[in-house]
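Structural features, examined
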Amino acid sequence: DAGVTQSPTHLIKTRGQQVTLRCSPKSGHDTVSWYQQALGQGPQFIFQYYEEEERQRGNFPDRFSGHQFPNYSSELNVNALLLGDSALYLCASSLERRAGIYNEQFFGPGTRLTVL
Amino acid sequence: DAKTTQPPSMDCAEGRAANLPCNHSTISGNEYVYWYRQIHSQGPQYIIHGLKNNETNEMASLIITEDRKSSTLILPHATLRDTAVYYCIVIRGSQGNLIFGKGTKLSVKP
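Below is a summary of the structure that appears in this document.

The rules behind the values
- Residues numbered from 1 in each chain as written.
- Chains lettered and ligands numbered in written order.
- Predicted model: local features only at pLDDT ≥ 70, side-chain atom pairs only at ≥ 80, totals over all residues.
- Heavy atoms only, no water.
- Buried < 20%, exposed > 50% of the residue type's maximum accessible area, 1.4 Å probe, protein only.
- Helix = DSSP H or I, 4+ residues; strand = E, 2+ residues; numbered from the N terminus.
- Pairing = 2+ DSSP bridges.
- Polar contact = N/O pair within 3.5 Å; in protein donor to acceptor, adjacent residues only side chain to side chain.
- Contact = heavy atoms within 4.5 Å.
- Salt bridge = Lys/Arg side-chain N within 4 Å of Asp/Glu carboxyl O.
- Core = buried A, V, L, I, M, F, W, Y, C linked by side-chain atoms within 4.5 Å.
- Buried area = accessible area lost by both parts, 1.4 Å probe.
- Nonpolar A, V, L, I, M, F, W, Y, C, P; charged D, E, K, R; others polar.
- Phe/Tyr/Trp six-rings, centres within 6.5 Å; stacked < 30°, edge-to-face > 60°.

Considerations on the pairing of strand β9 (residues 87-94) of chain A
All names here are of chain A. For β9, a buried count of eight out of eight residues is recorded, marking the element as mostly surrounded by other parts of the structure. With burial as the criterion, each face of β9 is covered, one bearing A87, Y89, C91 and S93 and the other bearing L88, L90, A92 and S94. Relative to β9, strand β4 (residues 31-37) runs antiparallel, the two sharing seven bridges. The residue of β9 that forms the bridge with V32 is S93. Summarising the sheet, β9 and strand β11 (residues 111-115) pair through three bridges and their orientation is antiparallel. Among the inter-strand pairings, L88 is bridged to a residue of β11, identified as R112.

Below, the structure written as structure tokens:
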């Protein structure tokens, strides 16, 4: 049973460019969350997708957008890249939370984005 | 902001128990305590969670104080592979996102 997979593993871009990161959730999971982790910091929540819609969003600008496909896989898009966008981008998958019950999130290995 | 406070770093001798404290004095009655860890260059990994009672699984034990304002994660026999950053997270059952602090960097030494 494959866990959460992400591609690519590493990426180098220049300021102003656009980037797309991809995530395949753990088998049987239907919810995908994205996190940004700067060096030396804990992961910061970007947004969560369920049923192909953005359900929850953290404090990130509109330059960060996403998409979820019918097979539950997801993409994270970042436009107009800034130097400060350099970070590890983590994808996590889970089952749709039942009422009042939090379902643990399984994380992928991340995509290391470097903006020059 | 994270609702938890953890020491930035701790050392532990290999084979000994590692006790990682977490303060969550503002925890609400419907909030759970979750622990994740992140080994270098990997994504965070779920360890254990609890509400009121102490919990144990194959990885660790979680001790929650009676007033629920603090907890301790116990790795009973730490190995070098347990070297990681450990995150204590407080989350409501209905909440979708995890709020990470800076965690505790645990170094297990031979």
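Regarding the sheet that holds strand β5 (residues 55-56) of chain B
Residue and element names in this part refer to chain B. Strand order in the open sheet formed by four strands is β2-β7-β6-β5, and the pairing between neighbours is antiparallel. The sheet is open, and its two borders are formed by β2 (18-23) and β5, each paired with just one other strand. When β2 meets strand β7 (residues 70-75), the two strands line up antiparallel, connected through six bridges. When the bridges of β7 are listed, A18 appears paired with L75.

Topic: the side chain of B:Q38
Structurally, B:Q38 is set in strand β3 (residues 31-38). Within the local environment of B:Q38, its side chain forms a polar contact with the backbone oxygen of B:Q42, the two atoms lying 2.9 Å apart. Excluding residues that lie within four positions of it along the chain, B:Q38 makes contacts with A:Q37, A:L88, A:L90, B:G43, B:P44, B:A84, B:V85 and B:Y87.

Side note on the pattern of salt bridges
All names here are of chain A. Summed over the entire model, instances satisfying the criterion amount to five salt bridges over all chains. Between R22 and E75 there is a salt bridge, with the nearest N and O atoms lying 3.4 Å from each other. Within this pair, whereas R22 is found in strand β3 (residues 19-24), its partner E75 is found in strand β8 (residues 74-78), the two being separated by 53 residues in sequence.

Here's the deal with the nonpolar core
The biggest cluster of nonpolar side chains holds 21 residues, and the ones touching the most others in it are B:W35, B:L73, B:Y86 and B:L106. Of all the secondary-structure elements, those providing two or more residues to this core are β2, β3, β4 (45-50), β6 (61-64), β7, β8 (84-92) and β9 (104-109) of chain B. When neighbours within four sequence positions are excluded, B:L106 is seen to be in contact with B:M10, B:D11, B:C12, B:A18, B:L20, B:L75, B:D82, B:T83, B:A84 and B:Y86. Ranked by size, the runner-up nonpolar core spans 20 residues in total, among them A:L21, A:I46, A:F60 and A:V115.

Concerning unusual backbone geometry
In the segment running from A:S7 into A:P8, the intervening peptide bond is cis, with an omega of -10 degrees. Along the chain, A:P8 turns up in the loop between β1 (5-7) and β2 (10-13). If you check the backbone angles, A:E51 has positive phi at about 50 degrees while not being a glycine. Here A:E51 shows up in the loop between β5 (44-50) and β6 (53-57). Its identity as a non-glycine residue notwithstanding, B:R68 has a phi of 65 degrees, on the positive side.

Topic: the interface of chain A and chain B
Contacts between the two partners involve 20 residues from chain A, matched on the other side by 20 residues from chain B. Here chain A meets chain B over a buried area of about 1,600 Å², counting both sides, of which 51% is carbon and sulfur. Our count for the chain A to chain B interface comes out at five residue pairs in polar contact (both at pLDDT 80 or more). The dominant element in the side of chain A that touches chain B, judged by the number of residues it contributes, is β5(A), at three residues. Considered class by class, the residues forming the side of chain A that touches chain B number nine nonpolar, nine polar and two charged.

Observations regarding the packing of aromatic side chains
Summed over all chains, the structure comprises twelve aromatic pairs over all chains. A ring pair is formed by B:Y34 and B:Y46, whose centres lie 6.0 Å apart and whose planes are at 55 degrees; its orientation type is tilted. Of this pair, B:Y34 sits in strand β3 while B:Y46 sits in strand β4, placing them twelve residues apart in sequence. Through a chain of ring-to-ring contacts, the aromatic side chains of A:Y35, A:F45, A:F107, B:Y32, B:Y34, B:Y36, B:Y46, B:Y87 and B:F100 assemble into a single cluster.

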